[in-house]
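Topology and contacts: notes
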Amino acid sequence: MGYVIVELGIALWGLLFHPSYLALESRTSGSALLQYLLALLLITPPAAAMGATFPLFWRGMTKSGLLAEASALPALYFTNAFGGAVGALATTFVIVPQFGLPGSLTVFWIGNIALALFVALLFLRKSANNVESLESEHTNHPAPAASFATFATIAAITGATSLVYQVIWFRMVALSLGSSQHSFEIVLAAFIFSLAMGALMLSRIDKFAQSTIAWASCAQIAMGCFAILSFAFWYLQFPWVANIVSTLSPTALGYKLFLVFSFIISLLLVFPTAFWAGMTLPLLTRSALGYGPTSVGYIYAWNTLGCMIGALIATHLLISNIGIKLTILIAGLADIVLGLYLLGLLPKTKARAKWFAVAAASSLVSIFLVQMLKEDRAVVTSGVFRHGQLADAAK
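Residues numbered from 1 in each chain as written. Predicted model: local features only at pLDDT ≥ 70, side-chain atom pairs only at ≥ 80, totals over all residues. Heavy atoms only, no water.

Regarding the packing of aromatic side chains
This model, assessed by the stated rule, comprises 16 aromatic pairs. Here F231 and W234 contribute two aromatic rings whose centre-to-centre distance is 5.5 Å and whose plane-to-plane angle is 55°, an arrangement assigned as tilted. Of this pair, F231 and W234 both sit in helix α6 (residues 212-236), separated by 3 residues, roughly a single helical turn. As far as the burial class goes, F231 and W234 line up, both buried. (Phe/Tyr/Trp six-rings, centres within 6.5 Å; stacked < 30°, edge-to-face > 60°. Helix = DSSP H or I, 4+ residues; strand = E, 2+ residues; numbered from the N terminus. Buried < 20%, exposed > 50% of the residue type's maximum accessible area, 1.4 Å probe, protein only.)

Shown next as structure tokens:
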């Protein structure tokens, strides 16, 4: 029932958030430090509680026997990520315009209460039926291929690279599709939706996978290669955006169509990378299940911590000093190195040697193609999303 308590706590915070903000906001005006502390005070507690919901829900559902422990992970990651994508779009385009910010908070804290009550009734019904738990599965996990610290470190690093990619994609889209709130939410939704699709695919093929380490290695390498190639795709999409903007009429319908095309372009940009990224966390979590069911929460926490660090490093250190291209190359190479390390944990066979060769060749081809691309600053800074006109470098 820990999940139910946390959901109710989130609902209570949602109820108190707006009056608390109004009471404290006037006292922090004029001080950037106080405003930063206010943001931490108001956002950290509910965010920490939200971070606990997935591990608690998974633990409660598997401990009660409602879900199988290992096989449930990819499916739950899928539903969680897919709900995030739908929530991002619904909030921006439906709920906030309809109810405003305070009203939207009311909608969501009521939703938290409803969800908590539903899960509570689900657990109570389970207890009343006295259905036998699936605890036997807890002891059937294979011995982990590496130490728990290794899995936690990999989860943190891959979380960091994922957020580096996300920050970079936000910067990219700001130049090609604009930096409006709608553009931001569209890229965010495309990213989370792609994560969900990766987890969904894993849930479909998971039963046929003989080694989670092998799948995790493949996912990390593919993630790094496609991330590097996303830079080339971003540069090549500018003529598309120019044609779309110049074709659509400057009307309400034209803007809606532009948003639809923006989502498609964003999806094409992020999907190849985020699809594989959606597999990494479920695979790493499952690989560490031999250390006990609490490993789910720890791996999830380390991954989230890595996400936070990645966002900060990308925003305040890497992009501002070395640019988008080198930043995405560094992050992509980090994922490839992680994948090669995981590949090294597998038994020495001819198949492993072939995979090493394929991974190395794929990495080199990705880097070569991006390095061969000669991007034109006049094109990327032309503001093509405004008038549909692509700058001519010759001028």
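What to know about the state of the cysteines
The final tally for this structure, using the stated rule, is 0 disulfides. Summary of cysteine pairing: C218 is not part of a disulfide, and the nearest cysteine sulfur, belonging to C225, is at 9.9 Å. Note on C218: relative accessible area 27%, which makes it partly exposed. Taking the relative accessible area as the measure of exposure, C225 reaches 7% and is therefore buried. (Disulfide = S-S within 2.5 Å.)

Considering the packing of helix α2 (residues 32-63) against helix α9 (residues 295-344)
Two elements in contact, α2 and α9, have axes separated by 9 Å at closest approach and are oriented at 155°. On the basis of the axis angle, α2 is roughly antiparallel to α9. At the point where α2 passes α9, the crossing takes the right-handed sense. Contacts between α2 and α9 involve G51, F54, P55 and W58 on the former and, on the latter, V296, G297 and Y300. Broken down by class, the residue content of the contact of α2 with α9 amounts to 5 nonpolar, 2 polar and no charged. (Axes fitted to C-alpha atoms, helices over the stretch in contact; angles between N-to-C directions. Parallel < 35°, antiparallel > 145°, perpendicular 65-115°, else oblique. Left-handed = near helix turned anticlockwise from the far one by under 90°. Contact = heavy atoms within 4.5 Å. Nonpolar A, V, L, I, M, F, W, Y, C, P; charged D, E, K, R; others polar.)

Description of helix α10 (residues 350-372)
Along its 23 residues, α10 runs 33 Å from first to last C-alpha, staying within 8% of the 33 Å computed at 1.5 Å per residue. Within α10, the full set of buried residues consists of R352, A359, S363, S366 and V370. The inward-facing, buried residues of α10 contact α6 and α9. Where α10 begins, one side-chain oxygen reaches toward the backbone nitrogen of R352, 3.2 Å away; that side chain belongs to T349. (Expected span 1.5 Å × (residues − 1). Polar contact = N/O pair within 3.5 Å; in protein donor to acceptor, adjacent residues only side chain to side chain.)

Thoughts on the layout of surface pockets
Taken as a whole, the second largest pocket encloses approximately 450 Å³ of empty space. In terms of lining, the second largest pocket is formed by 21 residues, of which the most central are A214, S217, C218, L343 and W355. Among the secondary structure elements, those contributing two or more residues to the lining of the second largest pocket are α6 and α10. A per-element tally of the lining of the second largest pocket places α6 first, with 8 residues. Split by residue class, the lining of the second largest pocket holds 15 nonpolar, 5 polar and 1 charged. (1 Å grid on protein atoms, 1.4 Å probe; cavity = no way out; pocket = protein on both sides within 12 Å on 5 of 7 lines; lining within 4 Å. Points joined across faces, edges and corners; volume = space filled by probe spheres on them.)

Considerations on the environment of G159
The topology assignment puts G159 in helix α4 (residues 148-176). Between the C-alpha atom of G159 and that of Y300, which follows or precedes it by 141 residues, the distance is 9.6 Å. Setting aside residues no more than four positions away along its own chain, G159 makes contact with N303, G306 and C307.

Looking at the confidence of the model for the protein chain
When pLDDT is averaged along the protein chain, the result is 86, and 91% of the positions lie at 70 or above. Between residues 130-139, whose pLDDT stays under 50, and residues either more than four places distant or in other chains, the model counts 17 contacts. (pLDDT = per-residue confidence, 0-100.)

Observations regarding the nonpolar core
Counting 87 residues, the largest nonpolar core has W169, M172, F231, W234 and L269 as its most contacted members. Among the elements that take part in this core, α6 stands out by supplying 14 residues, more than any other. Residue contacts for L269: discarding those within four places in its chain leaves W169, M172, V173, S230, F233 and W234. Ranked by size, the runner-up nonpolar core spans 7 residues in total, among them V4, A116, A120 and F123. (Core = buried A, V, L, I, M, F, W, Y, C linked by side-chain atoms within 4.5 Å.)

Regarding the environment of L115
Among the structural elements, L115 can be located in helix α3 (residues 72-129). The sequence separation of L115 and E7 amounts to 108 residues, and the corresponding C-alpha distance is 7.6 Å. Leaving out residues up to four positions away in the same chain, L115 has contacts with Y3 and E7.

So, a nonpolar patch on the surface
On the surface, a cluster of nonpolar side chains totalling about 750 Å² of accessible area is made up of Y298, W302, L305, M308, I309, L312, I313 and L317. Relative to the assigned elements, L305 resides in helix α9. (Patch = residues over 30% accessible without salt bridge, like charges linked within 9 Å, V, L, I, M, F, W, Y side chains within 5 Å. Areas by Shrake-Rupley, 256 points an atom, 1.4 Å probe, with all protein chains shown as cover. Salt bridge = Lys/Arg side-chain N within 4 Å of Asp/Glu carboxyl O.)

Focus: the side chain of N303
Looking at where N303 falls in the secondary structure, it is placed in helix α9. Residues within four places of N303 in sequence aside, it is in contact with A155, A156, T158, G159 and L281.

What to know about the environment of G178
One can find G178 in the loop between α4 and α5 (181-205). In this structure, the C-alpha to C-alpha distance between G178 and R386, residues 208 residues apart in sequence, is 7.9 Å.

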